[in-house]
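# Report on the structure
Chain residues, written in single-letter form:
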Amino acid sequence: MSDKRPTPIDEFPLSSISAKRLINDLANNHTSRVLVGKHTRLRMEQRGVSRRQIFQVLGNKHSRITEAPHQTPSGDWKCNLQGVAAGEIIEVVISLKRHDLDPSAFVVTVIVK
């Protein structure tokens, strides 16, 4: 991608297709805009999931949305994305922030199925 910023999506409500497209773009081209919090790092350690596995799930076009985007009280859009990484089925709960202006994402937690 030639731009230094991801393309914003001006859509309400945010559709699963648009959310997945934005998540794939952030994971593949703007990794610095995907934040992993303390809670997620603890769950990663407990469940034996690496950062690389999370980004494989988020960046893979074959991963699927298992819980459609829904708006949180703070205005973010939260959804679940499930895919395969290193032979394991992994579900990543992700919150999209400012999708219409300056997109970024926050990984809420990770689950091994």
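Computed from a predicted structure; not experimentally measured.

So, on to the pattern of salt bridges. Pairing of side chains with opposite charge becomes possible as their charged atoms draw close. Summed over all chains, the structure comprises 3 salt bridges. Put simply, Arg33 and Asp102 hold a salt bridge, and the shortest N to O gap is 2.9 Å. With Arg33 in the loop between α1 (16–29) and β1 (34–36) and Asp102 in the loop between β4 (88–97) and β5 (104–112), this residue pair connects regions lying 69 residues apart in the sequence. On the accessibility criterion, Asp102 (23% relative accessible area) is partly exposed. Asp76 is the partner of Lys97 in a salt bridge, and the nearest nitrogen-oxygen pair spans 2.7 Å. Here Lys97 is found in strand β4, whereas its partner Asp76 is found in the loop between β2 (64–71) and β3 (77–85), with 21 residues between them in sequence.

To continue, consider unusual backbone geometry. Trans is the common state for peptide bonds, and a negative phi is the common state for residues other than glycine. With omega at -5°, the peptide bond leading from Phe12 into Pro13 counts as cis. A positive phi angle, close to 55°, is found at Ala86, a residue other than glycine. Structurally, Ala86 is set in the loop between β3 and β4. Even without glycine at this site, Arg98 takes up a positive phi of about 50°. In this fold, Arg98 is placed in the loop between β4 and β5. Residue Arg98 is classed as partly exposed on the basis of its relative accessible area, which comes to 45%.

Moving on, we get to the side chain of Ser63. Of note, Ser63 is situated in the loop between α3 (51–59) and β2. Given a relative accessible area of 2%, Ser63 falls into the buried group. A distance of 2.7 Å separates a polar atom in the side chain of Ser63 from the backbone oxygen of Val57. Not counting chain neighbours up to four residues away, the residues in contact with Ser63 comprise Lys20, Val57, Leu81, Gln82 and Gly83.

Read across the open sheet, the 5 strands follow the order β1-β5-β4-β3-β2; overall the sheet is mixed. Looking at which strands have only one partner, the edges of the open sheet turn out to be β1 and β2. Between one strand axis and the next, the sheet turns through 30° on average, direction left out of account. Direction of pairing for β4 relative to β5: antiparallel, over a ladder of 8 bridges. What sits directly across from Leu96, in β5, is Ala105. The strands touched by α1 are β1, β2, β3, β4 and β5; relative to β2, the strand with the most contacts, the crossing angle is about 105°.

Pairing of β2 with β3 involves 5 bridges; the strand directions are antiparallel. Within the sheet, the bridge partner assigned to Arg64 lies in β3 and is Gln82. The antiparallel pairing of β2 with β3 creates a hairpin that spans 5 residues between the two strands, and Gly75 there sits at a positive phi of about 95°.

Moving on, we get to the pairing of β5. Looking along a regular strand, one sees side chains alternate from face to face of the sheet. Direction of pairing for β1 relative to β5: parallel, over a ladder of 3 bridges. Opposite Val36, over in β5, you have Val107 as the bridge partner. Following β4, the chain reverses through 6 residues before pairing antiparallel with β5; Arg98 in that reversal takes a positive phi of roughly 50°.

What counts, and at which threshold
- Residues numbered from 1 in each chain as written.
- Predicted model: local features only at pLDDT ≥ 70, side-chain atom pairs only at ≥ 80, totals over all residues.
- Heavy atoms only, no water.
- Salt bridge = Lys/Arg side-chain N within 4 Å of Asp/Glu carboxyl O.
- Helix = DSSP H or I, 4+ residues; strand = E, 2+ residues; numbered from the N terminus.
- Buried < 20%, exposed > 50% of the residue type's maximum accessible area, 1.4 Å probe, protein only.
- Polar contact = N/O pair within 3.5 Å; in protein donor to acceptor, adjacent residues only side chain to side chain.
- Contact = heavy atoms within 4.5 Å.
- Pairing = 2+ DSSP bridges.
- Axes fitted to C-alpha atoms, helices over the stretch in contact; angles between N-to-C directions.

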